[in-house]
Structure formats: C-alpha cells, structure tokens
Amino acid sequence: MKQPVEPFGDGVVTLRLVEERDLKTILDWRNRDEARVWFKTSEKLSFSSHKSWYERYLAKNDDFFFLIEVGGQPVGQCAIYDIDRGAGSAEIGRFLVAPEKAGHGYITRSCEQLVRFGMTMLDLSYLFLEVMERNDKAARIYKRCGFREESRSEGLVRMGLKRGAAK
Ligand SMILES: CC(C)(COP(=O)(O)OP(=O)(O)OC[C@H]1O[C@@H](n2cnc3c(N)ncnc32)[C@H](O)[C@@H]1OP(=O)(O)O)[C@@H](O)C(=O)NCCC(=O)NCCS
C-alpha cells in the first residue's frame, strides 16, 4: 500500500497525490499531440489502460505521482519514482502542464518542490531524470532547478542532482 503524503508546496503551487477523480483530466493533458511526443511511451493511451496503470501504481511504495494545483485548480502533474531508499536515490519526471496554464513558472516551482520533497522528506541524496535532447524547454527547467547533464545516448539526456550541490 502506498504511504500517505501530506500536500506540500511553496505558497503558489501545491503538490498532492493524484486521486482516481483526476485520471480523466491528466489523461486529456497527456494525450495531446504536443505533449505525448516528449514521453518514452508516446502513443495515445486509452482510459482503461491509464486506469490499470494507476491501479498498479497504487500498490507501489516507491512511486509518488502528484497533481499540481494553484488556487485549488489543477495546473499540471509531476512524479518521483524508482525510489531506492537503500541507495538514497530516485528518478523524477512525468512533468506535464495543463495547456492553458503553460508559461507561468508553475512547473519550475513544482520541480523545486519535488527536489525538496526528495532530499528532505525522503532523505535522498541523489535525484536524476531523463529528457529527450530536443526538449529544450524541459531541459531549461531542470537546469534552473540545479540538474546537470551526466550523459546522453540515443536521443536521451540523463541529468542528475546531488544533495548540497550549488545551483
Ligand atoms: C515541459 C513543460 C512541462 C513546461 O511547462 P511550462 O508551463 O512551460 O513551465 P514553466 O512555466 O515552469 O517554465 C517555462 C517558461 O515559463 C517562463 N516563466 C514565465 N513566467 C514565469 C514565472 N513567473 N516564474 C518562472 N518562470 C516563468 C520561464 O522563464 C520559462 O521560460 P523558457 O521556456 O523560455 O525557459 C510543458 O512544456 C509540457 O507539458 N510539455 C510537454 C510534456 C513534456 O515535455 N514533459 C517533460 C518530459 S521530460
């Protein structure tokens, strides 16, 4: 069973765990042509496969998937997963903005909050992510949050952040 997580944020964005009632909204964001091409699984997903994925996710305790809210309204999503408490590491990703809320800095703020959650609440010392090398917009956000390129292969850039590293 998934461990509960209290909502957290910076006073502008609030990150709370995704609930079943959010699935339709986030699937609509995810299935837009402009969005899905940036994910490794880039085809359109059906609601039933999305719901099955969510049910498997609910059974995991190494994966936290957040809805981002501003003023109580959903503006995007993000996640921290493959949490390895022994190694003190995890991956972050699944960043997606609601199309009408893009460019307000909400995803940058959420990435900062996710880093804080991983490093302080989960006590991890190293976070990493993968981004397509053509996805400059996403890569700029990660750099602003302190991530640095570690390697690249087959069109994917791996970026990492160690606890205490200067931005
Ligand atoms: C990547 C993605 C999540 C970014 O969302 P976004 O809403 O544009 O993100 P932000 O608003 O936080 O930051 C983006 C821009 O807003 C600008 N911005 C505007 N107002 C801002 C504010 N008040 N505070 C901070 N930044 C602000 C930033 O400077 C930044 O500009 P830049 O793109 O020139 O660097 C979005 O483009 C998306 O959903 N893409 C499809 C899915 C995807 O690529 N996901 C990542 C997979 S690795």
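So, how was this worked out
- Residues numbered from 1 in each chain as written.
- Predicted model: local features only at pLDDT ≥ 70, side-chain atom pairs only at ≥ 80, totals over all residues.
- Heavy atoms only, no water.
- Near = heavy atom within 4 Å.
- Polar contact = N/O pair within 3.5 Å; in protein donor to acceptor, adjacent residues only side chain to side chain.
- Helix = DSSP H or I, 4+ residues; strand = E, 2+ residues; numbered from the N terminus.
- Core = buried A, V, L, I, M, F, W, Y, C linked by side-chain atoms within 4.5 Å.
- Buried < 20%, exposed > 50% of the residue type's maximum accessible area, 1.4 Å probe, protein only.
- Contact = heavy atoms within 4.5 Å.
- UniProt positions renumbered as here; feature names shortened; annotations may be inferred.
- Pairing = 2+ DSSP bridges.

Considerations on the site of the ligand
Then comes step 1: Taken together, 22 residues sit near the ligand, with F95, G103, G105, T108 and R140 positioned nearest.
Then comes step 2: Taking F95, its main chain carries an N or O atom lying 2.8 Å from a nitrogen atom of the ligand.
Then comes step 3: Between the ligand and the protein, one listed contact pairs an oxygen atom with a backbone N or O atom of V97 at 3.0 Å.
Then comes step 4: Elements that contribute at least two residues to the shell around the ligand include exactly β5 (89–97), α4 (106–121), β6 (126–132) and α5 (136–144).

Comments concerning the nonpolar core
Then comes step 1: F64, F66, I80, Y142 and F147 are the most contacted members of the largest nonpolar core, which has 50 residues in total.
Then comes step 2: Element by element, the count of residues in this core is highest for α4, at seven residues.
Then comes step 3: With residues up to four places along the chain from it excluded, the contact list for Y142 reads F95, C111, L129, V131, F147 and M159.

A look at the UniProt feature "domain: N-acetyltransferase" (unreviewed entry) in the chain
Then comes step 1: Within the UniProt annotation, "domain: N-acetyltransferase" (unreviewed entry) is assigned to residues 13–164.
Then comes step 2: Between the C-alpha atoms that bound residues 13–164 there is a distance of 23 Å. The span itself is 32% helix and 35% strand.

Regarding the pairing of strand β3 (residues 63–70)
Then comes step 1: Summarising burial for β3: eight of the eight residues are buried, a large majority.
Then comes step 2: Neither face of β3 is open: one carries D63, F65, L67 and E69, the other F64, F66, I68 and V70, and all of them are buried.
Then comes step 3: Alignment of strand β2 (residues 14–17) against β3, held across four bridges, turns out to be antiparallel. Each residue of the ladder has a partner; that of T14, found in β3, is E69.
Then comes step 4: In this structure, β3 lies alongside strand β4 (residues 73–84), joined through eight bridges in antiparallel fashion.

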